[in-house]
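Architecture at a glance
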Amino acid sequence: MTRLLMRACMVSLSMVLVLPSVMWAKPSPQDSDSMEKPERKVSALSRDFTSPPADPWDPPRPSSPVLRNAPPQAAGMHPEPLRSLDESVREAVRANMTPGAVVLIARRGNIVKHEAYGHAVRYADDRFLPHPTPVPMRKDTIFDLASVTKIFTAVAVMQLVEQKKVALEDPVAKHIPEFAQNGKERVTIRQLLTHTSGFRPSLPLDRMGTGREDRLQIVFAAPLDHPPGTTYVYSDLNMIVLGALVERVSGKRLDAWIAEHITKPLGMRDTRFNPPEQWKPRIAATEFQPWTSRDLVWGQVHDEKAWALDGVAGHAGLFSSARDLAVFAHTLLMKGRYGSVRILKEETVELMERNFNSAFPGDDHGLGWELNQGWYMDALSSSGTMGHTGFTGTSLVVSRDLQTIVITLTNRVHPTRNTPSINPVRRETARMAADAILVSIPGRGSAWFSGYGDLLDRHLVAELPPGARSLTFHTWYRIEENMDHGWVEASADGRVWTPLHAGYTGASDWNRQVLLLPKNARFVRFRYVTDLSVNGRGWYVKDPVITLKNGKSLPLNPSGDGWQRRDR
């Protein structure tokens, strides 16, 4: 599907709810095997905000080796955007987009925000009958991570690579001989990790086979939809096979390996597959699933395939809290080390973050990690940003450039998956985290800031003095490349406008611009235009000055619709 067609499809979706600066559409009901696919296709709209190359707007500085609670100022962040995020999340809860959420934002090892909203358990069934004993959401609520599990599986695989028990270019069939069936003898471990194996998205394993081993054999025998390496298709089957690979090579079930080599060394006490019954009061409920004979799923894995695999699978099944997940993310941000504990070598972490899918623009992918996906990373998106989402309403975003972690955990499938997409909350959380990171404005005084939002067309307008010949200003921007744009335009009458340059898009550090004005120009404006998804960090304009034909310079005093003065 072309980018143009995809954009047209997105515009045609019916809008059902609007949060500050964001909007979303209600999806059609689909089975769980296919629900994540439409959401992920939006990733083709993402683009690299750091192209052409530009330095991070706040250069990296030393991070704490372990997480600690600290005020935003200690992390070089402004508290106001973080405070404003509360109302956005609460509005999503009031609008029944999700019963509840937990948000955690950390920078340079400083946890600057950790809040809970709404309820962990609110409904008794999919008719939204109130639960007799509702459970408020807490900061330490434990969530079904769904597909965020895939990153843990990828780390487990890379630990085996470090031990030289497997290699990325090994055919999977070298370690699982029966996987060679139906033309899969050349599929490599790397292709599974990057979703380029040629597998279909999923299989209804809960309606197939008679037990865990039998169902794994069904996956091993499944044919490919595409030749290996020719297509990117996000597939749970890739990660199910990788989980089984860890088991074959290590001799331990996946849950035991992850516990022994990841969660226990890192002190992640809230993270495991198949949580025990005593954890249930702390766990967020998910979906009412009469088709699996489980009714309200609470304390068991939501994903039907993982449930059919006894709750332990490479694609889904892990439960965790926001604080635990932050420890895992900070470990990878610190290149495999948390305090005195190391779970991966630095070079291994760097390899995991490399884009192996340059042949599939918009589907940038490392080894397990999704890269530069603006559809949920929003203003944090760049070639140095990695993350993953989960169908239950979870997401993890890690910006290496900005040393920032954003965790958004919701139970949006409680009590039914037929609810609006959670992506607006994911985007708003990432956007406000980015907005809190200070932009260093040179010199004295403030600058004009374009603001954020979808489908914007904002004008910062000034009337020119007689004899105006050129416009000089300083500018900085992070604008979604080739999708959103900034222009400087001139007009003789205030109705017909002419661009003075080719437009600003992508990324630029602070620089000085000098633009010649037409002789008949009487007005000038800075125009910021966005599409319906993905915002960059925005556009800053500082100290616009007009030079007259006699050589004198006069400051320009524009007024703006939506533009604001900022000192950060």
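Our subject is the structure listed above.
The following refers to the structure shown. (Residues numbered from 1 in each chain as written. Predicted model: local features only at pLDDT ≥ 70, side-chain atom pairs only at ≥ 80, totals over all residues. Heavy atoms only, no water.)

1. Considering the pattern of salt bridges
Selection criterion: Only one rule defines a salt bridge in this text: a Lys or Arg side-chain nitrogen within 4 Å of an Asp or Glu carboxyl oxygen. The helix count covers DSSP runs of H or I at least four residues long, the strand count covers runs of E at least two residues long, and both are numbered beginning at the N terminus. Each residue is placed in one exposure class: buried if its accessible area under a 1.4 Å probe, protein chains only, is under 20% of its type's maximum, exposed if it is over 50%, and partly exposed if it falls in between.
Enumeration according to the criterion identifies 35 salt bridges in this entry. Salt-bridge contacts for Asp-225 lead to Arg-200; the nearest nitrogen and oxygen are separated by 3.8 Å. Placement of the pair is Asp-225 in the loop between α6 (212-221) and α7 (236-250) and Arg-200 in the loop between α5 (189-193) and α6, with a sequence separation of 25 residues. According to the relative accessible area criterion, Asp-225 is partly exposed, its value standing at 43%. Note that Glu-428 is salt-bridged to Arg-431, the shortest N-O span being 3.7 Å. Taken together, the residues Glu-428 and Arg-431, both in helix α13 (residues 423-436) and 3 residues apart, mark about one turn of the helix. Residue classification places Arg-431 among the buried positions, given a relative accessible area of 0%. Linked by salt bridges that have partners in common, Asp-378, Arg-427, Glu-428, Arg-431 and Asp-454 make up one network.

2. Observations regarding the side chain of Asp-454
Our working definition: Nitrogen and oxygen atoms within 3.5 Å of one another constitute a polar contact, given that in protein one can donate a hydrogen and the other can accept it, and given that sequence-neighbouring residues count only through two side-chain atoms.
If you trace the backbone, Asp-454 turns up in the loop between β18 (447-449) and β19 (457-463). Polar side-chain contacts of Asp-454 include one of 3.4 Å to the side chain of Asn-535.

3. Some remarks on the sheet that holds strand β24 (residues 523-529)
To keep it simple, the criterion reads: Two strands qualify as a pair provided DSSP detects at least 2 bridges between them.
Read from one edge of the open sheet, 5 strands run β22-β21-β24-β19-β27, paired in antiparallel fashion. Because the sheet does not close on itself, it has two edges, and the strands there are β22 (498-499) and β27 (559-560). Where β19 meets β27, 2 bridges bridge the pair, whose relative direction is antiparallel. Looking at the pairing, Leu-460 lines up with Gly-560 of β27.

4. Regarding the sheet that holds strand β11 (residues 318-321)
Judged by pairing direction, the sheet is antiparallel, and its 3 strands sit side by side in the order β7-β11-β8 without closing on themselves. In this open sheet, the two strands that pair with only one neighbour each are β7 (142-144) and β8 (272-273). In this sheet, β11 lies alongside β8 in antiparallel orientation, the contact comprising 2 bridges. Directly across from Arg-272, in β11, lies its bridge partner Phe-319.

5. Digging into unusual backbone geometry
Here the amide bond leading from His-414 into Pro-415 is cis, since omega sits at 5°, within 30 degrees of zero. One can find Pro-415 in the loop between β17 (404-410) and α13. Of note in this structure, Asp-310 is not a glycine but carries a positive phi near 65°. Turning to its location among the elements, Asp-310 is positioned in the loop between α9 (304-308) and β11.

As far as function goes, none of this settles anything; it's purely spatial.
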